[in-house]
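# Reading the structure
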Amino acid sequence: MNVRTKVFLSTIVAAILIVSCKSEVKTSEENKRPNFLFVLVDDQSPFDLKTYDPESILETPNINQLAREGLVFDNAYHMGSWSGAVCTPSRHMIMSGRTLWHLPSRGEQFQNPNEPDSLENQTMAAVFNRAGYKTMRTCKKGNSYPAANAQFTVVKDASKRGGTEETGSAWHGKQVLEYLGERETTKEDDPFLIYFGFSHPHDPRNGTPELLAKYGAVNHTDTLNLPPANAKQPALQDNYLPAHPFFHGHPELRDEERVSGVWKNRDEQTVRNELGREYACSENIDIQLGKVLKKLEAMGELDNTYIIYTSDHGMSIGRHGLMGKQNLYEHTWRVPFIIKGPGIAKGKRVKGNSYLLDVLPTLCDLAGIGIPETVEGSSLKPVIDGETETVREVMYGVYSGGTKPGMRSVKEGDWKLIKYDVMDGTVRETQLFNLAGNPNEYLAEHGRPGKMETNLADNPKYADKLAEMETLLLKQMELHDDPYRLWNQSK
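These remarks concern the structure in this document. Every residue gets a number counted from 1 within its own chain, in the order that chain's sequence is written. Selection of residues for local features in this predicted model requires a pLDDT of at least 70, selection of side-chain atom pairs for listing and counting requires 80 or more, and totals for whole chains, interfaces and linings are taken over all residues. Just so you know, side-chain values use all the structure's heavy atoms and leave hydrogens and water out.

### What to know about the sheet that holds strand β6 (residues 154-155)
A sheet is described by the order of its strands in space; here eight strands give the open sequence β6-β5-β7-β1-β8-β9-β2-β10, paired in mixed fashion. In this open sheet, the two strands that pair with only one neighbour each are β6 and β10 (348-350). Paired strands, in this sense, are two strands between which DSSP finds at least two bridges. The helix and strand labels rest on DSSP assignments: H or I over at least four residues marks a helix, E over at least two residues marks a strand, and numbering proceeds from the N terminus. Across two bridges, the pairing between strand β2 (residues 71-73) and strand β9 (residues 337-340) is antiparallel. When the bridges of β9 are listed, Val-72 appears paired with Ile-338. On top of the sheet, helix α3 (residues 87-96) reaches β1 (35-42), β5 (134-138) and β7 (192-201); it is set at about 170 degrees to β1, its chief contact. Along the sheet face, helix α11 (residues 359-367) touches β1, β7, β8 (305-311) and β9 and points at about 165 degrees away from the line of β1. Contacts are residue-level and defined by heavy atoms, with any inter-residue pair within 4.5 Å sufficient. The axes are straight lines fitted to the C-alpha atoms, using for helices just the contacting stretch, and the angles between their N-to-C directions are given from 0 to 180°.

### Here's the deal with the layout of surface pockets
Over the atoms a probe the size of a water molecule is rolled, and this reveals where empty space is left. Here a cavity denotes a set of grid points, spaced 1 Å apart and computed over the protein atoms alone, in which a 1.4 Å probe fits but from which it cannot get out, and a pocket denotes an open set meeting protein on both sides within 12 Å along at least five of seven lines; residues with an atom within 4 Å of a point are reported as lining. Grid points are joined across faces, edges and corners, and a volume is the space filled by probe spheres set on the points. Its boundaries defined by the atoms lining it, the largest pocket holds a volume of some 780 Å³. Taken together, 33 residues form the lining of the largest pocket, with Phe-47, Tyr-52, Arg-334, Pro-439 and Asn-440 sitting closest to its centre. Among the secondary structure elements, those contributing two or more residues to the lining of the largest pocket are α10 (330-333) and β13 (406-412).

### Points about the side chain of Asn-304
Inspection of the secondary structure puts Asn-304 in the loop between α9 (268-298) and β8. Judged by its relative accessible area of 16%, Asn-304 falls in the buried class. In this structure Asn-304 touches Lys-32, Arg-33, Pro-34, Asn-35 and Pro-342, once residues within four positions along its chain are discounted. The cut-offs for exposure are 20% and 50% of the maximum accessible area for each residue type, with area from a 1.4 Å probe on protein chains only; residues under the lower value are buried, those over the upper are exposed, and the others partly exposed.

### Quick notes on α11
Buried residues dominate α11, accounting for eight of its nine residues. One or two residues past the end of α11 sits Gly-368, with phi positive at roughly 75 degrees.

Quick look at the structure:
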C-alpha cells in the first residue's frame, strides 16, 4: 500500500469517526432527560398579571415572556380547602396529586377516615428521586405538607416576607442560584427538579422601598389612620365592593380582620394601597425569577427545562368586599398557570379545566416517569400536546374552613353556581353566574348599572339552569366524597 493510499484511507476513517461522534452526541442530546423548574408563589390572583388582565399595571416582564414563549391555562383552579389556611390543602394536593377529601388527616382541621398510608413516599420529590433526578426545594415554612417537603434532597425553607434582599423574595432566588452554581462546579449531569417557592405576595406585603414607590404604596402600620392616597397606586378592581352583601361564614377570620395594613377597612385608600403592596411584592418575584432563568440560559440548561409558573390559590384584596382567600369567586378560586418547555407550542392559550392536583401526574408524564397509583389528578400532557382543550368538563370547588358545611361551587362551560350554608343555617345564599356575560361576577344587590347580567339565581327565566347546576353540584360532592350536604340537598 503506497503512501497516497494510506493517507486516503486515514482520511476516510477520520471522517467516519467524526460522523460517528457527532451522531453519538446528537443521540445523547436527544435522550437527555428534561429538567423542571416549578415556581409557586403564595397568594396571587391570576388577574393581578397582564397575562390574565391586560389592564393591570403590574410589570412582570419575565412572567410575560414565559406566557409568550409557552402555554397559558385560562381555567386553572385549586380544588378548595377544609381550613382557613387555604394554602395547606392546596400544597398537599400539589405534592400528592390527591383530591381534597382524600388527603392525609390534619389535626382538628380535617380527619380522613381512610387516610392513605405512607403517602409521602408517592409525592413529588420522592417519585423524582427514585427516577434518578436531583431534587431541590426552597419555599416558605408552615401551612404545607412537611412529610412531602422532607423528601427533597436539598431543602432551603424559610418564611421571607420582608422588604430587603435577606428578608424577602431575593432570599429564595439566592438559594436556587447557589444550588445551580454548585451543580455547575461539580459538573452534575443528572437532571433536576427544583421547587422554587416564594413567601410573597402573601401578607405582610412588605415590598422593597423602590418597588413600593413605583406603585405608590407604603407598608402601612397605623391602625388609627388610613394610608396616604397616591395616583401611582393600582386602580380599584372592577368588582371592588366596600362590603360583601352577606356574611362569609367564618367568624374572626384572620384574612378579613387582622391583616396588617388593612384590618377591617375596605375603603378606597386602604384597598389601593394594599394592591400597590401586592404589586410591589409580585414584581420582586418576577425579578428573582428572571435571575434564575438567566442562570439556566448561561448554563445551557434553559432549552431543556420545563418551567411551570403558578400560585397555591388566588386572592381578593377588595374584590367583592373581601380581602382574603376564603371564597370561591374566580379571582380567588382560579390560579395563574403557565408552562414553557421543550416541544411546547409558543404563545398559545387553552382552557385546560385543570386543578393544581394535576401538577404531579403532568410532571411525571413529561419526564417519562410512571405516575403513582395514589394519584387522582389527570396529566395535562394531552392539553399541552394539543390533543384536547380540557382534561375535564366540570369543576368542583370547596371552602369549608369556617362554619360548616361552608361554601360549594360547581362550574360547567360558562355557568357557575356558588352556594353558602354557614352560621348554623342563618346564612343560606345561592349565586348563579353566566361567566360569558358576567366574568367579574357582579352582584345585583349592589345595583351595577346597565343591562349586565348579575346573580341569576332568583331570576325565573333561569330556573331550569339553576336546577341543572344544583343537580350537578350534588353529583360532584358525591363523586369527591364530600362529607357534608347543603340545606337543600338530599342527605
